[in-house]
Amino acid sequence: MRFMFVGDSMTIGRAGDFTWRYRMWQHLEASPDASLDGPYEIVGPRTELYDSGTGTPVSSAYAAPDFPADARRHLAGWGEGWLHMAPVIADTVAEHRADVLLVSLGLIDLGFYTDSEQTAANARAFLAAARTANPHIRCVLLPVIPNVRAESDAPFAAECDRFNELLAKAVADLDTATSPILLASRPQGYDIHTDTYDGTHPGPSGEHRLAAAYADAMHQAWGLGGPYAWAADRPLIPSPSASPVRASAPPAVRTG
């Protein structure tokens, strides 16, 4: 079973982060092979974190030294959304032979690029393209979690809500037995004031909650893995010290 993380700044993470990808790797490592239909692998074309000092995705400074290089793979970028991922997902799935896509996209689209209708259309294009590369691809999609901007920008908040409705409809329309698509629940108890470091990007507790949303969705719907374990060996460590990133700042878009 080959898993690929697809996402924006919440998924790539910044220098000094653990990332929710690390939390998911811990979960997969703790899951018996039999519960994952055999051995698993994390795949993708990138491994870096975003370096806020240079504004580029060049950092390897993960907070967890036990996060192995081959488990750091992903297809995520700071400032990248459905708009950017839809054109590249077919080739990426084909090259890396992904079986399961764990996708967190949409917030940056709605904030800077496209309205809810176009963002939903791009999500459908992404799913169609992924299936051209692997007709049996499985996808778990996370709804958009409105960030701090939504608290003072009512039209933006409405667009987030509308997109989530359209995303749910897309999942209902496109889910098939041969290529199942899941819409994960919003992470249980997720609070942007305590689970993020800037009102948008997850800190350690938010990382756990995001990983749990994917893990529990796959376990409940497909019997993959087990329920996410909030164990004593996975403490909610305070976020590592780093300069804050403004949630309302224009994105630094990766073009390469």
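No experiment lies behind these values; they were computed from the predicted model shown.

### Digging into helix 6 (residues 116-133)
Argument step 1. For helix 6, built from 18 residues, the straight-helix expectation of 26 Å at 1.5 Å per residue is met to within 8% by its first-to-last C-alpha distance of 26 Å.
Argument step 2. Its side-chain oxygen at 3.3 Å from the backbone nitrogen of Glu117, Asp115 defines the N-terminal cap of helix 6.

### Some words on the side chain of Asn164
Argument step 1. With respect to the element layout, Asn164 can be found in helix 7 (residues 154-174).
Argument step 2. With residues up to four places along the chain from it excluded, the contact list for Asn164 reads Pro143 and Val144.

### Things to note about the pattern of salt bridges
Argument step 1. Counting across every chain of the model gives 12 salt bridges.
Argument step 2. Residues Arg46 and Glu80 are paired through a salt bridge, measuring 3.1 Å at the closest nitrogen-oxygen approach. In this pair, Arg46 sits in the loop between strand 2 (41-42) and strand 3 (49-51) while Glu80 sits in the loop between strand 5 (75-76) and helix 3 (82-85), placing the two residues 34 residues apart along the sequence. For the pair formed by Arg46 and Glu80, the shared burial category is buried.
Argument step 3. Taken together, the salt bridges that share partners define one network made up of Arg2, Glu41 and Arg73.

### Description of the packing of helix 2 (residues 20-30) against helix 8 (residues 204-222)
Argument step 1. Where helix 2 contacts helix 8, the axes come no closer than 8 Å and their chain directions differ by 50°. Between helix 2 and helix 8, the crossing angle belongs to the class labelled oblique. Along this stretch, helix 2 crosses helix 8, giving a crossing that reads as right-handed. Contact residues: helix 2 offers Trp20, Arg23, Met24 and His27, while helix 8 offers Pro204, Glu207, His208, Leu210, Ala211, Tyr214 and Ala215.
Argument step 2. Its residues assigned to classes, the contact of helix 2 with helix 8 comprises 7 nonpolar, 2 polar and 2 charged.

### A short note on the confidence of the model for the protein chain
Argument step 1. Per-chain confidence: the protein chain averages 91 in pLDDT, with 90% of residues scoring 70 or above.
Argument step 2. In the model, residues 232-256 has pLDDT below 50 throughout and makes 54 contacts with residues more than four positions away in sequence or in other chains.

### A word on helix 8
Argument step 1. Between the first and last C-alpha of helix 8 there are 27 Å, a value that for 19 residues agrees with the 27 Å anticipated at 1.5 Å per step.
Argument step 2. In terms of burial, helix 8 is a largely internal element, 14 of the 19 residues being buried.
Argument step 3. Of the residues trailing helix 8, Gly223 is marked for its positive phi of about 70°.

### Quick notes on the nonpolar core
Argument step 1. Among the nonpolar cores identified, the biggest contains 38 residues, and Phe3, Met24, Leu102, Val140 and Met218 are the most heavily contacted of them.
Argument step 2. Those elements that provide at least two residues to this core are strand 1 (2-7), helix 2, strand 6 (100-104) and helix 8.
Argument step 3. Among the elements that take part in this core, helix 8 stands out by supplying 9 residues, more than any other.
Argument step 4. Membership of the second largest hydrophobic core comes to 35 residues, among which are Val6, Met85, Ala120 and Ile137.

### Quick look at the pairing of strand 1
Argument step 1. With respect to burial, strand 1 is a largely interior element, 6 of its 6 residues being buried.
Argument step 2. Of the two faces of strand 1, the one holding Arg2, Met4 and Val6 and the one holding Phe3, Phe5 and Gly7 are both buried throughout.
Argument step 3. Pairing of strand 1 with strand 2, which is carried by 2 bridges, proceeds in the parallel orientation. Residue pairing in the sheet places Phe3 in a bridge with Ile42 of strand 2.
Argument step 4. Pairing geometry for strand 1 and strand 6, over 5 bridges, is parallel. Counted as the bridge partner of Phe5 is Leu102 from strand 6.
Argument step 5. As paired strands, strand 1 and strand 5 are joined by 2 bridges and run parallel to one another.

### Here we look at the pairing of strand 7 (residues 138-141)
One face of the sheet, then the other: side chains in a regular strand alternate in exactly this way.
Argument step 1. With 4 bridges connecting them, strand 6 and strand 7 associate as parallel partners. Each bridged residue has a counterpart across the sheet, and for Leu101 the counterpart in strand 7 is Cys139.

### A closer look at the environment of Ile192
Argument step 1. Tracing the backbone through its elements, the reader meets Ile192 in the loop between strand 8 (181-183) and helix 8.
Argument step 2. On the basis of relative accessible area, Ile192 is assigned to the buried category, the value being 9%.
Argument step 3. Taking the C-alpha atoms as reference points, Ile192 and Pro202, 10 residues apart in sequence, are found 8.0 Å from one another.

### Brief notes about the side chain of Thr19
Argument step 1. Here Thr19 is to be found in the loop between helix 1 (9-12) and helix 2.
Argument step 2. Judged by its relative accessible area of 3%, Thr19 is buried.
Argument step 3. Here Tyr22 takes part through its backbone nitrogen, which lies 3.1 Å from a polar atom of the side chain of Thr19.
Argument step 4. Discounting chain neighbours no more than four positions away, the residues touching Thr19 are Thr11, Ile12, Gly13, Leu49, Tyr62, Phe67 and Glu207.

About the criteria used
Residues numbered from 1 in each chain as written. Predicted model: local features only at pLDDT ≥ 70, side-chain atom pairs only at ≥ 80, totals over all residues. Heavy atoms only, no water. Helix = DSSP H or I, 4+ residues; strand = E, 2+ residues; numbered from the N terminus. Expected span 1.5 Å × (residues − 1). Polar contact = N/O pair within 3.5 Å; in protein donor to acceptor, adjacent residues only side chain to side chain. Contact = heavy atoms within 4.5 Å. Salt bridge = Lys/Arg side-chain N within 4 Å of Asp/Glu carboxyl O. Buried < 20%, exposed > 50% of the residue type's maximum accessible area, 1.4 Å probe, protein only. Axes fitted to C-alpha atoms, helices over the stretch in contact; angles between N-to-C directions. Parallel < 35°, antiparallel > 145°, perpendicular 65-115°, else oblique. Left-handed = near helix turned anticlockwise from the far one by under 90°. Nonpolar A, V, L, I, M, F, W, Y, C, P; charged D, E, K, R; others polar. pLDDT = per-residue confidence, 0-100. Core = buried A, V, L, I, M, F, W, Y, C linked by side-chain atoms within 4.5 Å. Pairing = 2+ DSSP bridges.

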